[in-house]
Amino acid sequence: MESSRTAWGWGLASISAAGDTLDVWYPKLEIGKVPELSEREDHGFGSLVHHEADLRGVRRIPVFTVSRLDNPIEDAADAYLRLHLLSMRLAKPNTLNLDGIFGALTNVVWTNYGPFAVSDYGQRKMDVIQAASKGGQGPVPDVNVLSIDKFPRMVDYVVPTGVRIGNADRIRLGAYLSEGTTVMHEGFVNYNAGTLGTSMVEGRISQGVVVGDGSDIGGGSSIMGTLSGGGRHRVTIGEHSLLGANAGIGISLGDQCVVEAGLYVTAGTKVTLHDKAKIAAGKPLDVVKGAELSGRDHILFMRNSVSGAVEARSRVQGIELNAQLHSNG
């Protein structure tokens, strides 16, 4: 018996001449019991299916994929299904088993003509341009490389409702963007990361990071993820909090917190706990590591402009975003 931790659907896969799966597009996915073979609807891709290779050396074929979401990823089709689930808002970040995703995905040359295999890109590009030049009508369109990566842009596969994205190149497939989210031109959202409500994103949201409703990730700011040598702690930002411009965190923020512009707070940062009563009594202030304040509510992190010490001060009220700015209907 299938559980709700099973997802399935028809996808359109791009297969290279070497037999590698370059990508899979799933227009629709379901979670729950998998229908029997006789009960499955037609894939509906029609003329989009090409069993013979095109000038890129790519075939496009339908695949029916079943993904057991608690198990490690089995192959590229499974990986793409889980990335689609996230961007379709059918699963929230950090709720799917993504073990093995880098091994399942292949590096791809992403272009305005679709995906190319890396190994024979030069010859395939020439074939495409020569075919486009036949007839001698006007300038020959070039093949523009958008990136060379294992992850494509989200918007080429999933366009979520109620969001604004200034630069689509900076949102990877597998990003989770809730309605009301605005990602400005320098904002970046990795796969398995994103926003859980109305949010402003002008900085970088790394893999595994989630941002709560009403929070603002300021321009040039950075949030530590867990890839490439990062720690195991998955950073979260609560509701109505602000990560100031060019600031950064390696600890979680609770609700109604602020990190002042330009300040980076990590688990090992020495933080002075501002206490008016102790100051008035002439007593020394307590100093703790940033990790001890991780996830706590109502904190203003700032640097004392006289002593240079990083301080944590009580903050009662959170920030409020401009409602009209985030009305993305």
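These numbers come from a predicted model, not from an experiment.

Each value, and the rule that gives it
Residues numbered from 1 in each chain as written. Predicted model: local features only at pLDDT ≥ 70, side-chain atom pairs only at ≥ 80, totals over all residues. Heavy atoms only, no water. Domains from an automatic or database assignment. Contact = heavy atoms within 4.5 Å. Buried area = accessible area lost by both parts, 1.4 Å probe. Salt bridge = Lys/Arg side-chain N within 4 Å of Asp/Glu carboxyl O. Helix = DSSP H or I, 4+ residues; strand = E, 2+ residues; numbered from the N terminus. Expected span 1.5 Å × (residues − 1). Buried < 20%, exposed > 50% of the residue type's maximum accessible area, 1.4 Å probe, protein only. Polar contact = N/O pair within 3.5 Å; in protein donor to acceptor, adjacent residues only side chain to side chain. Pairing = 2+ DSSP bridges.

A. Highlighting the domain arrangement of the protein. The domains assigned to the protein are domain 1 (6–149) and domain 2 (154–314). Averaged C-alpha coordinates put domain 1 and domain 2 at centres separated by 33 Å. The interface of domain 1 with domain 2 comprises 19 residues on the first partner and 23 residues on the second. Both sides together, the interface formed by domain 1 and domain 2 hides about 1,800 Å², and carbon and sulfur atoms give 59% of it. Close ionic contact of Glu179 with Arg89 constitutes a salt bridge, the shortest N to O distance being 3.9 Å.

B. Quick look at helix α1 (residues 76–87). For α1, with 12 residues, the first-to-last C-alpha span of 17 Å sits near the 16 Å given by 1.5 Å per residue. For α1, the complete set of buried residues consists of Ala76, Ala77, Asp78, Ala79, Tyr80, Leu81, Arg82, Leu83, His84, Leu85, Leu86 and Ser87. Looking at where α1 begins, the residue whose side-chain oxygen comes 3.3 Å from the main-chain nitrogen of Ala77 is Asp75. After α1 finishes, the residue Arg89 shows a positive phi value of roughly 65°.

C. Structural detail: the sheet that holds strand β22 (residues 264–265). The five strands lie next to each other as β11-β14-β17-β20-β22, forming an open sheet whose pairing is parallel. Sheet topology places β11 (188–189) and β22 at the edges, where each strand pairs with a single neighbour. The pairing of strand β20 (residues 248–249) with β22 spans two bridges and is classified as parallel. Of the residues in β22, the one forming a bridge with Gly248 is Tyr264.

D. Broad picture of the side chain of Ser87. If you trace the backbone, Ser87 turns up in helix α1. On the accessibility criterion, Ser87 (1% relative accessible area) is buried. At 2.9 Å, the side chain of Ser87 and the backbone nitrogen of Gly174 are in polar contact. Apart from the residues within four sequence positions on either side, Ser87 is in contact with Met154, Val158, Pro160, Arg172, Leu173, Gly174 and Ala175.

E. Region of the structure containing the sheet that holds strand β18 (residues 236–237). Read from one edge of the open sheet, four strands run β9-β12-β15-β18, paired in parallel fashion. Where the open sheet ends on each side, the last strands, each with one partner, are β9 (175–177) and β18. Alignment of strand β15 (residues 210–211) against β18, held across two bridges, turns out to be parallel. By the bridge assignment for β18, Val211 is matched with Ile237.

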